[in-house]
Amino acid sequence: MIIAFIIVILLYLFLIGSFVLGFDKVKTIRLSDIIPKTKFTVIIPFRNEAEHLPELLESILKLNYPKDLFEIIFVDDASEDDSVAQIMRFLSYVQNDSKLLNNIRVSYSPKKDAIALAIQHAKSKWIITTDADCILPKYWLDSYNEFIQKNSAKLIAGPVTYSLNKGFLNAFQTLDFLSLIGATIGGFGLNKPFLCNGANLAYQKDFFESVNGFEGNTTIASGDDIFLLEKALKTDKNAVQYLKCEQAIVTTKPQASLKLLLAQRLRWASKTSNYSNNFAKLVGLIVLLANALIVVGFVLALMGLLKVKAFAYLFFIKIAIDFLLIYKTSQFFNKENVLKHYTWSCLAYPFFSVYIAFISMFMTYKWKGRTFKK
């Protein structure tokens, strides 16, 4: 048993250590005074987001980018609250070609349907997707414009972070998300991209159409970002890049309760079995094994079947390399304050992640008031 522990922890150490090195290999972009040229279509699907829309709409109004160089396409997915009324009021006084569409369901995935519909109506060369519960930074489009002008890219992944609210649950989610984003950026630095986030994702309209959009994964409710990334990597790996820029960071909110957090993570886990990226599968396997062995080792140590000292050494190695990646990521996102919660979070996380992996094999999940199968 101890040999299995050592092998898995060493593999985990090598993997996360590689992400730490890869994180630094992705160049941080500093904005310069470059002339805006790129035209964007920002696509925002929504369903029952009346609570979050005011902050999003306010952030859109504060965007620094010239109004004639971007449009917003909102897509309503059968909202039952005040969302549509808020959007209509917003559209009545914005000074560009922004519009509201009603989603047309043609597949098992409402969000993919919404994005595909909006792309049909998009007038711009570049598409950017985000979510209705997000807040956009002032120089968001300026960041993409500069990156596009200076790089040859067809799909660009952007940074996302949680708003840091008070409470242990929010701190736990923020640390978990920082590790995820750190691995995302690290993967790009290793030239092995395997994750991105649809809350901040840009791609050329022609490129989306050339890979047949979401065709082939419309039976999976989520994954509008990951599966498109996988298609892009197969088509032109060099055209897939990461925008590591502080002015491009999109902020979203952590889940308000443990029940909602479990439902979100269950939704995320439900799509992993459909990944075609072998590196993504390998990463998922090593991370799951490392956390599972920590849980098993803890139980065995309590039963006296494993020396506590040996278990403590292996556990310390894991949390030390995790901390290094999270620390680097927290510096970029200016979230160092959350690190004070790291000790207790790293004790809880193995049990949380193993539980999610286990129940994802059997349970359906709810998303925006709807129930979906795996």
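From a predicted model like this one, the values you see are computed outputs, not experimental measurements.

It is worth spelling out helix α10 (residues 278-303) at this point. Counting along an α-helix, one turn takes 3.6 residues, and residues three or four places apart therefore face a common direction. Over its 26 residues, α10 runs 37 Å from end to end, which matches the ideal 38 Å to within 8%, given 1.5 Å per residue. Buried within α10 we find F279, A280, V283, I286, A290, N291, L293, I294, V295, G297, L300 and A301. Tucked into the core, α10 has its buried residues touching α1 (2-25), α11 (308-333) and α12 (342-359). Taking the backbone nitrogen of F279 as reference, a side-chain oxygen 2.9 Å away marks N277 as the first, capping residue of α10.

The subject of this paragraph is the nonpolar core. Counting 112 residues, the largest nonpolar core has I60 and F74 as its most contacted members. Those residues within four positions of I60 in sequence are excluded, and the remaining contacts are I44, I72, F74, F90 and L136. Membership of the second largest hydrophobic core comes to seven residues, among which are F172, L266, A269 and I356.

Attention now moves to the sheet that holds strand β7 (residues 160-162). The three strands lie next to each other as β5-β10-β7, forming an open sheet whose pairing is mixed. Looking at which strands have only one partner, the edges of the open sheet turn out to be β5 (134-135) and β7. Bridging between β5 and strand β10 (residues 250-252) involves two bridges; their strand directions are antiparallel. When the bridges of β10 are listed, C134 appears paired with T252.

Pairing is possible between side chains of opposite charge, provided their charged atoms come close. Counting across every chain of the model gives 14 salt bridges. In this structure, D24 engages K328 in a salt bridge whose closest nitrogen and oxygen atoms are separated by 2.8 Å. Here the residue D24 occupies a position in helix α1, and K328 occupies one in helix α11, the gap between them amounting to 304 residues. For D24, a relative accessible area of 46% corresponds to the partly exposed category. With its nearest N and O atoms 3.8 Å apart, the salt bridge here joins R30 to E246.

Rules and cut-offs
Position numbers for residues start from 1 in each chain and track the written sequence from start to end. Where local features are concerned, this predicted model is filtered to residues with pLDDT of at least 70; where side-chain atom pairs are given and counted, the filter is 80 or more; whole-chain, interface and lining totals use all residues. Just so you know, side-chain values use all the structure's heavy atoms and leave hydrogens and water out. Helix and strand assignments come from DSSP, with helices taken as H or I runs of at least 4 residues and strands as E runs of at least 2, each series counted from the N terminus. For a helix, the expected span equals 1.5 Å multiplied by the number of residues minus one. Relative accessible area decides the class of each residue, using a 1.4 Å probe on protein chains only: under 20% of the type maximum gives buried, over 50% gives exposed, and in between gives partly exposed. Note on definitions: a residue-residue contact is assigned when non-hydrogen atoms from the two residues lie within 4.5 Å. Pairs of N or O atoms are called polar contacts if they sit within 3.5 Å, as long as, within protein, a hydrogen donor faces a hydrogen acceptor (for residues adjacent in sequence, only side-chain-to-side-chain pairs). Here, the term nonpolar core denotes a set of buried Ala, Val, Leu, Ile, Met, Phe, Trp, Tyr and Cys residues that are joined through side-chain atoms within 4.5 Å. Between any two strands, at least two bridges found by DSSP are needed for them to pair. Salt bridge criterion: a side-chain nitrogen from Lys or Arg within 4 Å of a carboxyl oxygen from Asp or Glu.

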